[in-house]
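Close look at the chain arrangement
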Amino acid sequence: MYNPINSKTIYALSSAPGKAGIAIIRVSGPEAEKIRHLFSIDLPESKKIQIAKLVHPNTGDFIDKALVTFFKSPNSFTGEDMVELSVHGGKAIKDQIFTILSSEENFSYAEPGEFTRRAFLNGKLDLVEVEGLADLINAETEFQRKQAFDQMDGKLSNLYTKWKSQLVKNLSYLEATIDFVDEEIPPEIVLNQIKDIREVLQELDTHLNDSNKGERLRDGFHIIIAGSPNTGKSSLLNHLSNRDIAIVSDEAGTTRDSLDAYLDINGFPVIITDTAGIRKAKTEVESIGIKKSQTKMNEADLILWLMDSSSEKNDGVPDNIRDKSVEVWTKSDIATPSNKEVIISTKKDEGITQLIDIIGKYVEKGCRTEGSFITRSRHRDALEKTKKNLLTILESDLLDVEVIAEELRSAVNSLSRITGHIDVEDLLEVIFKDFCIGK
Ligand SMILES: Nc1nc2c(ncn2[C@@H]2O[C@H](COP(=O)(O)OP(=O)(O)OP(=O)(O)O)[C@@H](O)[C@H]2O)c(=O)[nH]1
Ligand SMILES: [Mg+2]
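Predicted model, so just to flag it, every value in this text is computed and none were measured.

1. A look at the site of ligand 1
- Neighbouring ligand 1 are 22 residues, the closest being Lys 233, Ser 235, Gly 253, Thr 254 and Asp 333.
- In the environment of ligand 1, an oxygen atom lies 3.1 Å from a nitrogen or oxygen atom belonging to the backbone of Thr 231.
- One nitrogen or oxygen atom from the side chain of Ser 345 is found 3.4 Å from an oxygen atom belonging to ligand 1.
- In this structure, ligand 1 is accommodated by the largest pocket.

2. Quick word on the sheet that holds strand E9 (residues 268-274)
- Sheet architecture is open: five strands sit in the order E8-E9-E7-E10-E11, paired in mixed fashion. A single partner strand is all that each edge strand has here, and the edge strands are strand E8 (259-265) and strand E11 (325-330). Taking each pair of neighbouring strands and ignoring which way they run, the sheet shows an average axis angle of 25 degrees.
- Pairing analysis gives six bridges linking strand E10 (residues 302-308) to E11, with the strands arranged parallel. Paired with Asp 308 across the bridge in E11 is Thr 330.
- The sheet strands contacting helix H11 (residues 352-366) are strand E7 (221-227), E8, E9, E10 and E11, and the helix crosses E7 at an angle near 135 degrees.

3. Regarding the coordination of the magnesium ion (ligand 2)
- Note on the magnesium ion (ligand 2): its protein donors are Ser 234 (OG) and Thr 255 (OG1). The metal-donor distances range over 2.0 Å. Placement of Ser 234 in helix H9 (residues 233-241) and of Thr 255 in the loop between H9 and E8 is noted, with a sequence separation of 21 residues between them.

4. Regarding the domain arrangement of the chain
- Domain boundaries assigned for the chain yield domain 1 (4-124), domain 2 (128-212 + 373-432) and domain 3 (222-366).
- Between domain 1 and domain 2, the C-alpha centre-to-centre distance is 39 Å.

5. Considerations on helix H2 (residues 91-102)
- Helix length check: H2, at twelve residues, gives a terminal C-alpha distance of 16 Å against a target of 16 Å (1.5 Å per residue), a fit within 8%.
- The set of residues buried in H2 consists of Ile 93, Lys 94, Ile 97, Phe 98, Ile 100 and Leu 101. Each buried residue of H2 lies within a common arc of 160 degrees when the element is viewed along its axis, so the set occupies one face. Set apart from the buried face of H2 by more than 90 degrees, the exposed residues are Lys 91, Ala 92 and Thr 99.

6. Remarks on the packing of helix H4 (residues 127-138) against helix H5 (residues 142-152)
- Here H4 crosses H5 at 150 degrees, and the two axes come no closer than 7 Å. By the angle between their axes, H4 is roughly antiparallel relative to H5. Classified by chirality, the crossing of H5 by H4 is left-handed. Across from Val 128, Glu 129, Glu 131, Gly 132, Leu 133, Asp 135 and Leu 136 in H4, the residues of H5 making contact are Arg 145, Ala 148, Phe 149, Gln 151 and Met 152.

7. Points about the nonpolar core
- Counting residues in each nonpolar core, the largest one holds 29 residues, and the members touching the most others are Tyr 160, Trp 163, Leu 167, Leu 383, Leu 390 and Leu 408.
- Within the residue set of this core, elements represented by two or more residues are helix H6 (155-179), helix H7 (187-208), helix H12 (377-395) and helix H13 (401-419).
- Apart from the residues lying within four places of it in its own chain, the contact partners of Leu 167 are Ile 197, Val 200, Thr 386, Leu 390, Leu 408, Ala 411, Val 412 and Leu 415.
- Counting 27 residues, the second largest nonpolar core, distinct from the first, contains Leu 236, Ile 265, Val 326 and Val 342.

Thresholds, definitions, all that
Residues numbered from 1 in each chain as written. Chains lettered and ligands numbered in written order. Predicted model: local features only at pLDDT ≥ 70, side-chain atom pairs only at ≥ 80, totals over all residues. Heavy atoms only, no water. Near = heavy atom within 4 Å. Polar contact = N/O pair within 3.5 Å; in protein donor to acceptor, adjacent residues only side chain to side chain. 1 Å grid on protein atoms, 1.4 Å probe; cavity = no way out; pocket = protein on both sides within 12 Å on 5 of 7 lines; lining within 4 Å. Sits in = over half its atoms within 2 Å of the grid points. Pairing = 2+ DSSP bridges. Helix = DSSP H or I, 4+ residues; strand = E, 2+ residues; numbered from the N terminus. Axes fitted to C-alpha atoms, helices over the stretch in contact; angles between N-to-C directions. Contact = heavy atoms within 4.5 Å. Donors = N, O, S within 2.8 Å, 3.2 Å for Na, K, Ca; no water. Domains from an automatic or database assignment. Expected span 1.5 Å × (residues − 1). Buried < 20%, exposed > 50% of the residue type's maximum accessible area, 1.4 Å probe, protein only. Arc of directions from axis to C-beta. Parallel < 35°, antiparallel > 145°, perpendicular 65-115°, else oblique. Left-handed = near helix turned anticlockwise from the far one by under 90°. Core = buried A, V, L, I, M, F, W, Y, C linked by side-chain atoms within 4.5 Å.

In structure tokens, the structure reads:
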């Protein structure tokens with residue numbers, strides 16, 4: 001008997017939509033082998049590939065020459081029987097194949113993320129690995145790719161599972177002592193468990209104190225271009241992004257709303273934002289823009305504080321953001337300030353390479369390059385809960401075994417929720433909604 005979730009055979013286009021040289025159509029489920037009769041082809045052995053001419057079941061016409069791959073359950077991505085058809089990527093071919101597949105009674109077009117959902121439900125991937133796969137598909141820079149691949153490959157899952165297994169072991173020892181409550185509990189049994197718990201807590205604490213490097217790599221390093229009006233902020237955004245994103249004019253107060261550009265700096269994702277020049281606002285709209293600049297500066301990972309080399313009046317970096325700011329002197333083509341570290345001209349393309357080098361150093365320091373780092377607040381929240389439970393244990397009366405066991409149970413529960421081994425139904429919607437159809 002098949003699990004009802006998997007009673008349908010699903011199919012979808014797994015390659016990108018639109019015209020292309022090749023299109024890959026995936027079919028997964030208990031009746032995937034029906035492809036054989038639907039298109040009058042032979043299926044290769046599992047994990048082997050074969051060229052086949054697909055034939056229309058009603059007209060007998062040839063549809064296309066395809067490469068057919070077959071994966072026999074459980075040795076497939078979803079854990080079910082799977083067939084992959086690599087056909088030529090034209091619309092008429094795909095339409096024809098989907099029409100034929102949809103005419104089968106137990107076949108339906110896959111929901112977004114449904115292939116991966118089945119892989120999870122069949123134990124092929126845990127939730128952290130599923131999230132790693134989603135990140136890998138979305139990775140835009142080299143270091144994002146590395147982090148996502150490691151996560152999909154189980155690096156983070158192994159760490160969380162290791163802690164969980166350790167705590168489960170401690171819990172089972174303690175529960176055994178509770179069961180024999182009438183007898184004397186040898187104190188060293190409890191103390192041995194406490195020693196292990198302390199070690200897990202230490203590792204967990206180091207993992208949590210990661211300066212958000214993994215999350216920053218996943219989400220992008222935020223740089224704000226700020227300073228007085230007319231210092232050349234929008235010119236710098238346009239220059240760095242190589243596009244005319246922001247309006248540039250010699251009128252002070254041109255930029256009102258903040259504008260983002262996405263850059264890849266040495267393999268790291270950077271979001272760079274141009275903001276309204278900071279001064280005493282002259283209009284209501286400008287005042288809203290300036291407030292926005294201030295909020296953005298507070299949230300930024302790095303601020304490029306621009307000063308106009310040709311101007312007598314320059315507001316220096318405000319004290320509250322000094323330790324995450326770099327002073328950048330602009331318009332070096334018309335005036336050169338002395339003893340300044342970063343001097344640029346967007347007009348003459350001077351000093352920009354040096355500026356990018358400086359930015360690169362900050363970005364590299366702020367993002368994960370290797371190792372196991374937290375990548376999502378969902379994981380961080382659960383790890384914080386685990387930490388709280390473990391701290392409570394260490395601060396409690398160590399002879400109160402029932403209290404320790406209760407806290408351990410909660411700690412194990414939180415860790416299990418990260419990889420999705422219990423109580424996960426409510427989490428599934430959130431995680432799989434980011435997937436697109438065919439993945
Ligand atoms: N000579 C020279 N002029 C520049 C340079 N960069 C910008 N400018 C000029 O400075 C003026 C202001 O530039 P913007 O980029 O609009 O300055 P901003 O800081 O965005 O100004 P607001 O949006 O008003 O805050 C424009 O006339 C630019 O052409 C430069 O490297 N050299
Ligand atoms: Mg501007």
